[in-house]
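Remarks on the overall topology
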Amino acid sequence: MSKICIIQLPTLSMSEGRIDYYMRIVKDSGASLVVLGEYVLNSFFTELLKMPKSLINEQILHKKELFIKLAKEYNTTIIAPFITKKNKGFVKGVAKFSPNSYRYFEQNFLINYDHWNEEEFFLNDVKELNLPVFNHENFKFGVLMGFETHFDICWQYLLKKDVDVVLVPTAGTFDSNQRWEEILKTKAFTNLVYVLRANRIGKAKFDKKVCEFYGKSFAVTPNGIISSKLNEEEGILLFELSKNELKTQRKFWKFREILAKKGFKNE
């Protein structure tokens, strides 16, 4: 068994009081892995477009130092989407803050919609698919940023890596929750993995229209059932992973066994 936490938050201010409060709760709960939604460490995309680069850089440096400190202080691994400096601009990706290390992965696919064009703003330049995969307390984890979950090649990559749990940090708005639930329930079941979606809360302005991030972070079991869910408010979702549940579902449905028999071996 392993306990992990989703902390559902808006963009954090420069003060560390709020996140420190939640990290103490996480520590007391016995969990040792935390997941945050997109644009929680950094200001939201439409706000970044208007911010001076100096202010963005200040935010990056402060949050990086803070979360390195928190991971060490609370002996906890923190998975958080993070924007960082690259050349004369910025890249978007996900950071893994561990008690004794820091790793960063650039996002592989970026949104390029007219109202939300991350691809144009960020300097991401991933030549070959590279998703975060790591071991933690006898489980193998993979991380998909929200937009990446729409590409089957990402799920195939994680399947080949034989992951047990997929963490999905998002910044969902525009009444999209039902679609997110259906996609991730299906992916959890067909891949026989746990899926935990950490969605942010708060507001942002798109084309002079204020939109709200609705939260509703949730955890899906390997049989495709949402077993835990938050509402639209700030809070924590504590979830317990079970090796026995994984083994039971994989033995019953046999999807991975059939792939192996056909010669599609895991790496």
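Residues numbered from 1 in each chain as written. Predicted model: local features only at pLDDT ≥ 70, side-chain atom pairs only at ≥ 80, totals over all residues. Heavy atoms only, no water.

Quick word on helix 5 (residues 152-160)
Listed in full, the buried residues belonging to helix 5 are C154, W155, Y157 and L158. Looking down the long axis of helix 5, one finds its buried residues gathered within 155 degrees of arc, a one-sided arrangement. (Buried < 20%, exposed > 50% of the residue type's maximum accessible area, 1.4 Å probe, protein only. Helix = DSSP H or I, 4+ residues; strand = E, 2+ residues; numbered from the N terminus. Arc of directions from axis to C-beta.)

Some details on the pairing of strand 16 (residues 235-241)
Across the two faces of strand 16 the burial differs, with G235, L237, F239 and L241 buried and I236, L238 and E240 not buried at all. Bridge analysis of strand 1 (residues 2-8) against strand 16 gives seven bridges, and the strand direction is antiparallel. In the sheet register, K3 faces strand 16, and the bridge partner there is E240. (Pairing = 2+ DSSP bridges.)

Structural notes on the sheet that holds strand 10 (residues 165-170)
Taken in spatial order, the six strands of this open sheet run 8-9-10-11-14-15, and their pairing is mixed. At either margin of the open sheet sits one strand with a lone partner, and together these are strand 8 (133-136) and strand 15 (226-229). Neighbour to neighbour, the strand axes of the sheet diverge by 20 degrees on average, direction disregarded. (Axes fitted to C-alpha atoms, helices over the stretch in contact; angles between N-to-C directions.)

A word on unusual backbone geometry
Phi is positive for N138, close to 70 degrees, though the residue is something other than glycine. Within the secondary structure, N138 sits in the loop between strand 8 and strand 9 (139-143).

Topic: the environment of G202
Tracing the sequence through the fold places G202 in strand 12 (residues 201-206). Each C-alpha atom of the pair G202 and K3 lies 26 Å from the other, and the pair is 199 residues apart in sequence. Excluding anything up to four places from it in sequence, G202 contacts P10, C211, E212 and F213. (Contact = heavy atoms within 4.5 Å.)

A few points about the side chain of T46
By the secondary structure assignment, T46 is in helix 2 (residues 45-48). At 3.4 Å, the side chain of T46 and the backbone oxygen of K205 are in polar contact. Dropping the residues within four chain positions of it, T46 is found in contact with A204, K205 and F206. (Polar contact = N/O pair within 3.5 Å; in protein donor to acceptor, adjacent residues only side chain to side chain.)

Quick notes on the sheet that holds strand 5 (residues 101-106)
By way of backbone hydrogen bonds, the strands of a sheet pair with one another, either parallel or antiparallel. Within the open sheet, the six strands sit side by side as 5-4-3-2-1-16. Their pairing is mixed. Only two strands of the sheet have a single neighbouring strand rather than two, namely strand 5 and strand 16. The mean inter-strand angle of the sheet, taken between neighbouring strand axes irrespective of direction, is 30 degrees.

Examining the pairing of strand 3 (residues 77-86)
Most of strand 3 sits out of view: eight of its ten residues are buried. As paired strands, strand 2 (residues 33-36) and strand 3 are joined by three bridges and run parallel to one another. Within the sheet, the bridge partner assigned to V35 lies in strand 3 and is I79. Both strand 3 and strand 4 (residues 89-98) contribute to a ladder of nine bridges, which runs antiparallel. Residue pairing in the sheet places I83 in a bridge with K92 of strand 4. Counting the residues in the hairpin turn of strand 3 and strand 4 gives two residues, including N87, whose phi is positive at 55 degrees.

Observations regarding the packing of aromatic side chains
Applying the stated rule across the entire model yields 24 aromatic pairs. Ring geometry for F44 versus F213: centroids 4.9 Å apart, planes at 65 degrees, classification edge-to-face. Here the residue F44 occupies a position in the loop between strand 2 and helix 2, and F213 occupies one in strand 13 (residues 209-214), the gap between them amounting to 169 residues. Neither residue differs from the other here; F44 and F213 are each classed as buried. By the ring-pair criterion, three or more aromatic residues cluster together here, those being Y39, F44, W116, F174, F206 and F213. The aromatic ring of F134 is capped on one face by K96, whose charged end is 5.0 Å from the ring centroid. Across from the ring centre of F213, 4.4 Å away, lies the NZ or CZ of R200, which sits over that ring. (Phe/Tyr/Trp six-rings, centres within 6.5 Å; stacked < 30°, edge-to-face > 60°. Lys NZ or Arg CZ within 6 Å of the ring centre and 35° of its normal.)

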